[in-house]
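Analysis of the macromolecular model
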Amino acid sequence: MLGILNSLILITQWVKDKPKLVVNPIHPNVYQWYYTLPDGEYEGKKTKRYGFLCYVGIANKGLRDVSLSEFRLLVANKFHKEHMLYSVNIPQPEIPLGFGHVKILSVLGQKSLVTEGDTHIISGGSISGMAFYIYEYYGDDGWDLKVKDSTITAYFRIQDVFGKTAKRKIKFSEKPLEHLQEVLPGFDLSTYQN
């Protein structure tokens, strides 16, 4: 009887002793934006491109420290085909606050003068940062993204080093390209290759 009880205690402890990551957009109505980027080119054909800039927080509600192995953005086109986007290196975002003041934000997983860019999350801790993604396609309009009321819905998906995943729906609001150039000063889209 004692052996069964000990086994149950060990199994219960093993189940609890895992990381549990939770993703949340930070200020979902403020910092989640998409942009219609200048057309690109692929094998001599014109491509259409979108950029997505999101600000997310990732918390570890489990009992074990863990590191992220990836953070991706999932978008669906009009054919309902889902595409997994990889983040693009960007300069540190600067949000103008008025009167010459600027709010500097971290980039998820990217070291800067202000942040370490660490993707290690201790038990009970959290990290946050911005990430930028580009969706590019050519051909039929069915490959275009679904836009409703000037918003695009996507999923921010993370995976830890143990292979466990978590995701969260994010609604992106449209902003003009000038806004992207203001928030990411010095970012050169021409250097991006898909």
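In this text, all values refer to a predicted model and were calculated from it rather than measured experimentally.

A look at the overall build of the chain
Check the secondary structure of the chain and you find two helices and 11 strands. Its C-alpha atoms put the chain at 70 × 45 × 30 Å along the principal axes. Out of the 194 residues in the chain, the part that is buried amounts to 40%. With the model as given, the accessible surface of the chain reaches about 11,500 Å², and the carbon-plus-sulfur share is 53%. Distance between charge centres in the chain, computed from 23 positive and 20 negative side chains, equals 10 Å.

Some remarks on the nonpolar core
Nonpolar side chains in soluble globular proteins tend to be buried together. Among the nonpolar cores identified, the biggest contains 29 residues, and Phe52, Ile58, Leu73, Tyr133, Phe156 and Ile158 are the most heavily contacted of them. Leu73 has contacts with Phe52, His83, Met84, Leu85, Tyr133, Ala154, Tyr155, Phe156 and Phe172, leaving out every residue within four places of it along the chain.

Quick notes on the pattern of salt bridges
Under the defined criterion, the tally for this structure stands at five salt bridges. Of the charged contacts in the structure, one is a salt bridge between Arg72 and Glu70, with a shortest N-O distance of 3.6 Å. By relative accessible area, which is 15% here, Arg72 ends up buried. The exposure class assigned to Glu70 is buried, which follows from its relative accessible area of 18%. Overlapping salt bridges, with partners in common, bring together Glu70, Arg72 and Arg157 in one network.

As for a positive patch on the surface
A surface patch of positive charge is lined by Lys18, Lys20, Lys61 and Lys164. Tracing the chain through its elements places Lys20 in the loop between helix H1 (2–16) and strand S1 (21–25).

Here's the deal with the environment of His179
Relative to the helices and strands, His179 is located in helix H2 (residues 177–183). For His179, a relative accessible area of 15% gives the class buried. With 34 residues separating them along the chain, His179 and Leu145 place their C-alpha atoms 21 Å apart. Excluding anything up to four places from it in sequence, His179 contacts Trp33 and Tyr35.

Here we look at the packing of aromatic side chains
Pairs of aromatic rings are described using the distance from one ring centre to the other and the angle between the two planes. Here the structure, examined in full by the defined rule, presents 10 aromatic pairs. Taking 6.3 Å as the distance between ring centres and 35° as the angle between the ring planes, the aromatic pair formed by Tyr34 and Phe52 counts as tilted. Note that Tyr34 is positioned in strand S2 (residues 33–42) and Phe52 in strand S3 (residues 45–60), a separation of 18 residues in sequence. Here Tyr34 and Phe52 have matching classes, each one buried. Residues Phe79 and Trp143 carry aromatic rings whose centres are separated by 5.5 Å and whose planes lie at 85° to one another, so their mutual orientation is edge-to-face. On the criterion of sequence distance, the pair formed by Phe79 in the loop between strand S4 (66–76) and strand S5 (82–88) and Trp143 in the loop between strand S9 (126–137) and strand S10 (151–160) is long-range, its members being 64 residues apart. Three or more aromatic residues link up through ring pairs in this structure, and these residues are Tyr34, Tyr50, Phe52 and Phe172. It is Arg64 that lies over the ring of Phe162; its NZ or CZ is 5.3 Å from the centre. Over the ring of Tyr155 we find Lys167, and its NZ or CZ is 4.8 Å from the ring centre.

Definitions and cut-offs
- Residues numbered from 1 in each chain as written.
- Predicted model: local features only at pLDDT ≥ 70, side-chain atom pairs only at ≥ 80, totals over all residues.
- Heavy atoms only, no water.
- Helix = DSSP H or I, 4+ residues; strand = E, 2+ residues; numbered from the N terminus.
- Buried < 20%, exposed > 50% of the residue type's maximum accessible area, 1.4 Å probe, protein only.
- Areas by Shrake-Rupley, 256 points an atom, 1.4 Å probe, with all protein chains shown as cover.
- Lys, Arg positive; Asp, Glu negative; His and termini not counted.
- Charge placed at Lys NZ, Arg CZ, Asp CG, Glu CD.
- Core = buried A, V, L, I, M, F, W, Y, C linked by side-chain atoms within 4.5 Å.
- Contact = heavy atoms within 4.5 Å.
- Salt bridge = Lys/Arg side-chain N within 4 Å of Asp/Glu carboxyl O.
- Patch = residues over 30% accessible without salt bridge, like charges linked within 9 Å, V, L, I, M, F, W, Y side chains within 5 Å.
- Phe/Tyr/Trp six-rings, centres within 6.5 Å; stacked < 30°, edge-to-face > 60°.
- Lys NZ or Arg CZ within 6 Å of the ring centre and 35° of its normal.

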